[in-house]
Each structure stands twice: as C-alpha cells, then as structure tokens.
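# Examining the three-dimensional arrangement
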Amino acid sequence: MPLQWLAPAFNLFAPFTNKYLTNSERPFFDDISPRNVSAVVDEIAVLRCRVKNKGNRTVSWMRKRDLHILTTNIYTYTGDQRFSVIHPPGSEDWDLKIDYAQPRDSGVYECQVNTEPKINLAICLQIIADNDFQDLKTKKRFYDTKSARAKILGSTEIHVKRDSTIALACSVNIHAPSVIWYHGSSVVDFDSLRGGISLETEKTDIGTTSRLMLTRASLRDSGNYTCVPNGAIPASVRVHVLTGEQPAAMQTSSAIRSGAFTAMITIISAKVLLYISSLMEHVYLRER
C-alpha cells in the first residue's frame with residue numbers, strides 16, 4: 001500500500017489523545033526561528049520547525065499555494081525529491097529542506113502538528129534569482145573530487161515517438177546525497193500541470209542510479225536533459241520527440257545493409273558484363 005494512503009490515519013486518534021492533556025503537556029512550537037526566509041536560486045533552502053511535547057503526534061509540512069502535503073514526520077509525499085525533512089534522532093527539530101531551490105518554490109509553507117485543534121506555524125520563503133545565471137555547461141562548479149561524475153546509461157542522443165514514454169537514466173560513481181534533473185536550464189518540475197513525471201533514485205554498492213520517466217511525450221519535451229548529482233560532475237542527454245517521420249539517425253541497420261547489397265550487385269553486374277564483352281571480343285579475333 002502506498003505510504004500516502006496511510007497519511008490520513010495518522011490523525012485518527014489525535015482527538016482522543018489530546019482530550020485529556022493539560023496545557024503544559026500539549027505540543028507547541030518553540031518559535032525561535034525567522035518567519036521570513038530567503039535563499040538563492042540553485043542553493044539549499046531550510047525552513048525551521050521545532051516542536052515541544054510532540055509525543056505520538058505527527059509533524060507535517062504543507063505548501064500553502066496548492067495545499068500539498070509535502071512531508072509527514074520523516075516521510076516524503078511528493079515526487080519532487082528536492083524536498084526532505086531534517087530530523088536528527090531524538091531532537092525536536094523537523095526542518096524542511098529544499099535542494100536546488102527555484103523561484104517557483106517561493107511562497108508560504110506551514111509546519112503542522114495534528115493536535116485537536118490542529119496547530120500550525122507559517123513560514124514565508126522567497127527565492128532570489130541569480131542575475132549571473134549561466135548555462136549548466138559553462139557555469140563554474142566545484143566538486144569534492146575530479147573522479148566523482150555522472151554517466152548517462154545508453155545513448156546520449158535518443159529519439160522517441162510522440163505519446164510514448166521517455167526513459168532516461170544516469171549512474172554516479174559515488175553515493176550522491178541527491179540527484180536533480182534539468183530540462184534545458186530549468187529543474188524538472190514534478191508538480192507541473194503536465195503530470196506523468198516520475199523519478200526513482202537507487203543507492204547501490206558502488207554509487208547511485210537515477211531514472212527519470214516522462215509519459216505521453218510531446219514536442220515540448222524535446223531538448224537537453226542534464227543529470228546533476230550533488231558533489232559530482234553532471235552528464236547530459238539529447239532527446240528528440242518525433243511526430244512520425246523517421247530521421248536519418250534512426251535508419252535501421254537492415255536499410256543500410258540493403259543499400260550496401262544493392263551497390264555490391266551493381267558492381268558485380270558491371271564486372272560480369274565487362275568479362276562477357278572481353279570474352280566475345282577474344283572469340284571474334286580467333287575466328288578471324
């Protein structure tokens with residue numbers, strides 16, 4: 001059963017557990033953090049939330065603009081893996097972390113505790129655009145080691161038919177904390193109206209593998225996709241979405257073999273005709 005189906009169950013017994021609590025026992029926010037937070041685009045944004053007397057209640061983060069529950073306790077309920085919770089074991093902190101923050105992430109976020117009535121702490125996030133933003137290929141970045149890099153699995157130039165599924169994958173030779181995919185110069189938006197976008201990241205013995213899937217491919221999905229691991233050199237793949245016609249790059253090997261076979265037959269035929277002509281000339285001279 002998907003974890004998001006279990007989220008409403010966390011609130012089921014809250015009225016009963018809170019009914020007999022005194023004011024000193026009820027959860028409350030240790031409101032020592034700023035209510036307005038600013039971060040630079042492509043950097044990490046952290047929204048602080050410290051809950052006292054949490055007990056067995058749950059702490060959730062909600063994005064106000066679309067009422068999307070992003071996290072519940074340490075679990076994430078969005079396909080956008082830039083979002084996570086920072087909760088050191090045994091601590092009272094339930095901070096929301098946003099990797100590679102984008103301007104669209106600006107807005108109000110609420111840290112909530114499922115008491116009765118529910119309590120919440122609203123924090124306003126503003127992402128400041130970098131005026132010196134450059135293309136990923138020319139932007140100077142710093143990495144932990146030169147050997148840490150991403151690699152596209154398969155061809156770096158792929159063609160897919162419209163309405164089919166685009167499946168991209170990259171492997172990283174380190175255990176990257178996070179892997180972000182860019183389409184052009186923008187982070188792939190899992191919550192966009194387009195829908196049908198999913199990301200799967202797997203940690204292996206030797207590194208990390210990230211798989212990006214986009215269903216119902218359209219012409220807008222064409223372009224350059226870049227796999228950007230945290231602390232490693234990125235890798236890119238070019239995607240061409242076709243409307244039906246077959247480009248030269250997609251010619252089948254059978255078509256190439258057919259052309260080569262035709263050329264070979266033509267050469268052989270020319271040699272046979274030349275041999276016959278020479279033989280007939282030789283016979284003619286002997287008869288004379």
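Note: the structure precedes this text.
Residues numbered from 1 in each chain as written. Predicted model: local features only at pLDDT ≥ 70, side-chain atom pairs only at ≥ 80, totals over all residues. Heavy atoms only, no water.

## Some remarks on the side chain of Arg82
Note on placement: Arg82 falls in the loop between strand S7 (75-76) and strand S8 (83-86). Of note is the side chain of Arg82, whose polar atom sits 2.7 Å from the side chain of Asp105. (Helix = DSSP H or I, 4+ residues; strand = E, 2+ residues; numbered from the N terminus. Polar contact = N/O pair within 3.5 Å; in protein donor to acceptor, adjacent residues only side chain to side chain.)

## Describing the pairing of strand S18 (residues 208-214)
In terms of burial, S18 is largely enclosed, as five of its seven residues are buried. Here seven bridges tie strand S14 (residues 166-172) to S18, and the two strands are oriented antiparallel to one another. By the bridge assignment for S18, Val172 is matched with Thr208. In terms of strand pairing, strand S17 (residues 197-203) meets S18 through seven bridges, oriented antiparallel. Its bridge partner being in S18, Leu199 is matched across the sheet by Leu212. Counted between consecutive antiparallel strands, the loop separating S17 from S18 contains four residues. (Buried < 20%, exposed > 50% of the residue type's maximum accessible area, 1.4 Å probe, protein only. Pairing = 2+ DSSP bridges.)

## Looking at the sheet that holds strand S19 (residues 223-229)
With mixed pairing, five strands are arranged side by side in an open sheet as S13-S20-S19-S15-S16. The outermost strands of the open sheet, each flanked by one partner alone, are strand S13 (157-161) and strand S16 (186-187). Note that strand S15 (residues 179-183) and S19 share five bridges and pair antiparallel. Each residue of the ladder has a partner; that of Ile180, found in S19, is Val228.

## Some details on the state of the cysteines
As enumerated under the stated definition, the model contains two disulfides in all. For Cys49, the disulfide goes to Cys111, at an S-S distance of 2.0 Å. The chirality of the disulfide connecting Cys49 with Cys111 is left-handed, given an S-S dihedral of about -70°. Taken as a pair, Cys49 in the loop between strand S3 (45-47) and strand S4 (51-52) and Cys111 in strand S10 (residues 107-113) lie far apart in primary sequence, 62 residues in all. Pair check on accessibility: Cys49 and Cys111 agree, each one buried. Each sulfur of the disulfide joining Cys170 and Cys227 lies 1.9 Å from the other. (Disulfide = S-S within 2.5 Å.)

## Looking at the nonpolar core
Ile166, Leu168, Trp181, Leu212, Tyr225 and Val239 are the most contacted members of the largest nonpolar core, which has 26 residues in total. Of all the secondary structure elements, the ones that give two or more residues to this core are strand S12 (150-152), S13, S14, S15, S17, S18, S19 and strand S20 (235-242). Grouped together as the second largest cluster of nonpolar side chains are 24 residues, Val59, Leu70, Val85 and Trp94 included. (Core = buried A, V, L, I, M, F, W, Y, C linked by side-chain atoms within 4.5 Å.)

## Focus on the sheet that holds S3
Read from one edge to the other, the open sheet built from three strands follows the order S3-S9-S8, with strand pairing classed as antiparallel. Edge positions in the open sheet fall to S3 and S8, since each of these has one partner strand only. The mean angle between the axes of side-by-side strands here comes to 25°, regardless of whether they run parallel or antiparallel. In this sheet, strand S9 (residues 95-98) lies alongside S8 in antiparallel orientation, the contact comprising four bridges. Directly across from Val85, in S9, lies its bridge partner Leu96. (Axes fitted to C-alpha atoms, helices over the stretch in contact; angles between N-to-C directions.)

## A look at the pattern of salt bridges
This structure, assessed with the given rule, holds 12 salt bridges. A salt bridge links Glu92 to Lys52, with the nearest nitrogen and oxygen atoms 2.8 Å apart. One end of the pair, Glu92, is in the loop between S8 and S9; the other, Lys52, is in strand S4, with 40 residues separating them in the sequence. Judged by relative accessible area, which is 31%, Glu92 ranks as partly exposed. A salt bridge links Arg82 to Asp105; its shortest N-O distance comes to 2.7 Å. Here Arg82 is found in the loop between S7 and S8, whereas its partner Asp105 is found in the loop between S9 and S10, with 23 residues between them in sequence. A single salt-bridge network, built from bridges that share partners, covers Asp30, Arg50 and Asp93. (Salt bridge = Lys/Arg side-chain N within 4 Å of Asp/Glu carboxyl O.)

## Some thoughts on the pairing of S19
Counting buried positions over the seven residues of S19 gives seven, a clear majority of the element. Taken together, the five bridges between S19 and S20 define a ladder with antiparallel strand orientation. Residue pairing across strands places Cys227 opposite Ala235, the latter belonging to S20. Two successive antiparallel strands, S19 and S20, enclose a turn made up of five residues, where Gly231 displays a positive phi of approximately 90°.

## Structural notes on the environment of Ser222
Inspection of the secondary structure assignment puts Ser222 in the loop between S18 and S19. For the pair Ser222 and Val239, spaced 17 residues apart in the sequence, the C-alpha separation amounts to 5.2 Å. Each residue touching Ser222, except ones within four places of it in the same chain, is listed here: His183, Val239, His240 and Val241. Within polar-contact distance, the side chain of Ser222 engages the backbone nitrogen of Val241 at 3.0 Å. (Contact = heavy atoms within 4.5 Å.)

Read these as geometric descriptors, not functional statements.
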